[in-house]
Amino acid sequence: MSVLEAVARQRVVVLAVVLGLWSPAWADGPWRVVARVVSAEDRALLERVRGQSSDLPVVLEVEAGRSMDAGPGGAWREAERLASRRDARAVLWFTRDGAALRVSVAAPKTGHLFVRSARVEGAPETLTWSVGAEALALAVRSALRAVDAGEPLGEVVAPPPPPPVVAPPVAEAPVAKAQVVEAPVAEAPVARAQVAEAPVAKAPADGAFVQVGMHAALDGYHAWGQQGLSVGAGWAGRELRLRAQVLAALPVHLRDAYADIRLMQGAVLAWADVPFVKAGAWEGTVGLGAGVVAFWRRTEARAAEVEPTPSRMVAAFVVGPAVRVAWRVAPALALEVALSGEVLLGRPRLGYSVDGEFVLREDGASVRPRLGVGMVIFP
């Protein structure tokens, strides 16, 4: 053994003794830690971890398999599945990136992820490799001591909630996630029917009108979708109907264990419709609309470890077709039903930031149906 290697090992031993003197007296029984190993180097590193954690009340188990990042949903989701399957309080794994070696210690029950990196070069058991490996083993020891004390180190990870279909529709939203997204509603067409005999059919063939109604859409963010009011104004000609429309949706709460998100939506749309069928007081039209949807989000933390992002407003472009059926019940009044399919470009995606990476919670639907009912008034 060279002088340099002897000095390095002596310093490591002294540091381990100091850490051992500061460690508390463990009152609880042993608990399980599962290590995912992929290569021979991982096994050598794990032996260093065993040596450093031999005085801790942990049972270190090994599971050979694929890289944690290769699992569906990423490394955090794989750590959750591994901890649940093996009834472990912590999961650790190593990641080689060139000359750097990273160790990750996850505590899924508390939502913490501890990550440390070190420069580890050379083949296992060489001097340069041993120095870096001992440093990583000491970092793992500190993380396991914190987990045992109930105060895990590292960043708080808020995993995405289960799919919306699983959660009850009352006061939930799969977490979070983030935020109901809204799209333009397709309603309020020019409901004018040409009639021949009934007094209802004596309305003028064209002219200005106003529209008031309600709308509902399946937007993919909340189990109940979105509902709200719509108002509009336009002009009805013999062959073309033009209108401007404003939609407002009721605010929606998306709650999970970590955050309460309040999402509000509104839209401004322009429509052009042409009639395709007329029968007495009934008229059907088809058209195309486009406009802008605004989303306003406010987040409140429900857990001490969560730091909510500031409230903000996001705008997105929306376009889509619509089919409308109107019944002229009086010369100045028509009842209307509208069905539209909307394509939203730039919809908000809600989630959490975990160790610098985005974890999706709610994505919403890019194409969604919308139903509208209302009155069209011809002044």
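### Here we look at the environment of S117
Inference 1: Position of S117 among the secondary structure elements: in strand β5 (residues 112-119).
Inference 2: A sequence separation of 18 residues divides S117 from A135, and the C-alpha atoms of the two residues are 9.3 Å apart.
Inference 3: The residues contacting S117, other than those within four sequence positions of it, are L101, R102 and L136.

### Digging into the sheet that holds strand β6 (residues 155-156)
Sheet strands pair by backbone hydrogen bonding; their relative direction is either parallel or antiparallel.
Inference 1: Read across the sheet, six strands follow the order β2-β1-β3-β4-β5-β6 without closing on themselves; strand pairing throughout is mixed. Each of the sheet's edge strands pairs with one partner strand only, and the pair in question is β2 (58-64) and β6.
Inference 2: Across eight bridges, strand β4 (residues 100-107) lies against β5 in antiparallel orientation. Bridge pairing in β5 places V103 opposite R116.
Inference 3: Those strands touched by helix α2 (residues 40-52) are β1 (31-37), β2, β3 (90-97) and β4, and its axis lies near 180° from that of β2.
Inference 4: Helix-sheet contacts for helix α3 (residues 74-86) involve β1, β2, β3, β4 and β5, and the interaxial angle to β1 is about 135°.

### Considering the environment of A79
Inference 1: With respect to the helices, strands and loops of the structure, A79 is situated in helix α3.
Inference 2: Given the relative accessible area of 0%, A79 is considered buried.
Inference 3: Separated by 45 residues in sequence, A79 and V34 have C-alpha atoms that sit 9.3 Å apart.
Inference 4: Discounting chain neighbours no more than four positions away, the residues touching A79 are M68, V91, W93, A106 and P108.

### A word on the packing of α2 against helix α4 (residues 127-148)
Inference 1: Packing of α2 against α4 brings their axes to within 8 Å, and their N-to-C directions diverge by 55°. What the angle tells us is that α2 and α4 run oblique. When you trace α2 past α4, the crossing you get is right-handed. When α2 is examined against α4, the residues E41, A44, L45, R48, V49 and Q52 are found in contact with a partner set consisting of W129, S130, A133, E134, A137, L138, V140 and R141.

### Examining the packing of aromatic side chains
Inference 1: On inspection of all chains with the given rule, the structure shows two aromatic pairs.
Inference 2: Ring centres of F209 and F378 lie 6.0 Å apart, and the angle between their planes is 50°; this geometry places the pair in the tilted category. Taken together, the residues F209 in strand β7 (residues 207-217) and F378 in the segment after β16 (367-377) connect sequence positions 169 residues apart. By the burial criterion, F209 is buried, and F378 matches it.
Inference 3: Ring centres 5.6 Å apart and planes at 10° place the aromatic pair W282 and W327 in the stacked group. On the criterion of sequence distance, the pair formed by W282 in strand β11 (residues 282-301) and W327 in strand β12 (residues 312-330) is long-range, its members being 45 residues apart.
Inference 4: The partly exposed category is assigned to W327, whose relative accessible area is 37%.
Inference 5: Directly above the aromatic system of W271 lies the positively charged group of R324, at a separation of 4.7 Å from the ring centroid.
Inference 6: Over the face of the ring belonging to F378 we find R328, whose NZ or CZ atom lies 4.3 Å from the ring centre.

### A short note on the sheet that holds β7
Inference 1: Reading around the barrel, the eight strands line up as β7-β8-β9-β10-β11-β12-β13-β16 and close back on themselves, with antiparallel pairing between neighbours. Neighbour-to-neighbour, the strand axes of this sheet turn through a mean angle of 25°, independent of strand direction.
Inference 2: Sheet topology places β7 next to β16; eight bridges connect them, and they run antiparallel. Residue pairing across strands places M214 opposite V373, the latter belonging to β16.

### Here we look at the side chain of S53
Inference 1: Summarising the element assignment, S53 is placed in the loop between α2 and β2.
Inference 2: For S53, a relative accessible area of 6% gives the class buried.
Inference 3: For S53, the residues in contact, after removing those within four places along its chain, are V58 and L144.

### A few points about a nonpolar patch on the surface
Inference 1: Taken together, W235, L240, L242, V274, F276, V277, V286 and V323 make up a surface patch of nonpolar side chains, about 650 Å² in accessible area.
Inference 2: Top contributing element to the nonpolar patch by residue count: strand β10 (residues 259-279), with three residues.
Inference 3: Note that W235 resides in strand β8 (residues 226-236).

### Quick look at the pairing of β2
Inference 1: Pairing of β1 with β2, which is carried by seven bridges, proceeds in the parallel orientation. Residue pairing in the sheet places R36 in a bridge with E63 of β2.
Inference 2: In terms of handedness, the path from β1 via α2 over to β2 forms a crossover that is right-handed.

### Some details on the side chain of D219
Inference 1: Within the secondary structure layout, D219 lies in the loop between β7 and β8.
Inference 2: R368 is the oppositely charged side chain nearest to the buried, salt-bridge-free D219, at an N-O distance of 4.8 Å.
Inference 3: In terms of polar contacts, D219 uses its side chain to reach the side chain of Q226, at 3.2 Å.

### A word on the pattern of salt bridges
Inference 1: A full pass over the atoms with the stated rule returns 21 salt bridges.
Inference 2: The shortest N-O distance in the salt bridge between R50 and E47 comes to 3.5 Å. One end of the pair is R50 and the other is E47, both in helix α2 and three residues apart, which spans about a single turn.
Inference 3: D55 is the partner of R141 in a salt bridge, and the nearest nitrogen-oxygen pair spans 2.6 Å. You can see R141 sitting in helix α4 and its partner D55 sitting in the loop between α2 and β2, a full 86 residues away along the chain.
Inference 4: For R141, a relative accessible area of 1% gives the class buried.
Inference 5: Bridged by salt links that share partners, the residues R32, R36, E61, E63, E78, R81, R85 and R86 form one connected network.

Rules and cut-offs
- Residues numbered from 1 in each chain as written.
- Predicted model: local features only at pLDDT ≥ 70, side-chain atom pairs only at ≥ 80, totals over all residues.
- Heavy atoms only, no water.
- Helix = DSSP H or I, 4+ residues; strand = E, 2+ residues; numbered from the N terminus.
- Contact = heavy atoms within 4.5 Å.
- Pairing = 2+ DSSP bridges.
- Axes fitted to C-alpha atoms, helices over the stretch in contact; angles between N-to-C directions.
- Buried < 20%, exposed > 50% of the residue type's maximum accessible area, 1.4 Å probe, protein only.
- Parallel < 35°, antiparallel > 145°, perpendicular 65-115°, else oblique.
- Left-handed = near helix turned anticlockwise from the far one by under 90°.
- Phe/Tyr/Trp six-rings, centres within 6.5 Å; stacked < 30°, edge-to-face > 60°.
- Lys NZ or Arg CZ within 6 Å of the ring centre and 35° of its normal.
- Patch = residues over 30% accessible without salt bridge, like charges linked within 9 Å, V, L, I, M, F, W, Y side chains within 5 Å.
- Areas by Shrake-Rupley, 256 points an atom, 1.4 Å probe, with all protein chains shown as cover.
- Salt bridge = Lys/Arg side-chain N within 4 Å of Asp/Glu carboxyl O.
- Right-handed = clockwise from strand over helix to strand, strands pointing away.
- Lys, Arg positive; Asp, Glu negative; His and termini not counted.
- Polar contact = N/O pair within 3.5 Å; in protein donor to acceptor, adjacent residues only side chain to side chain.

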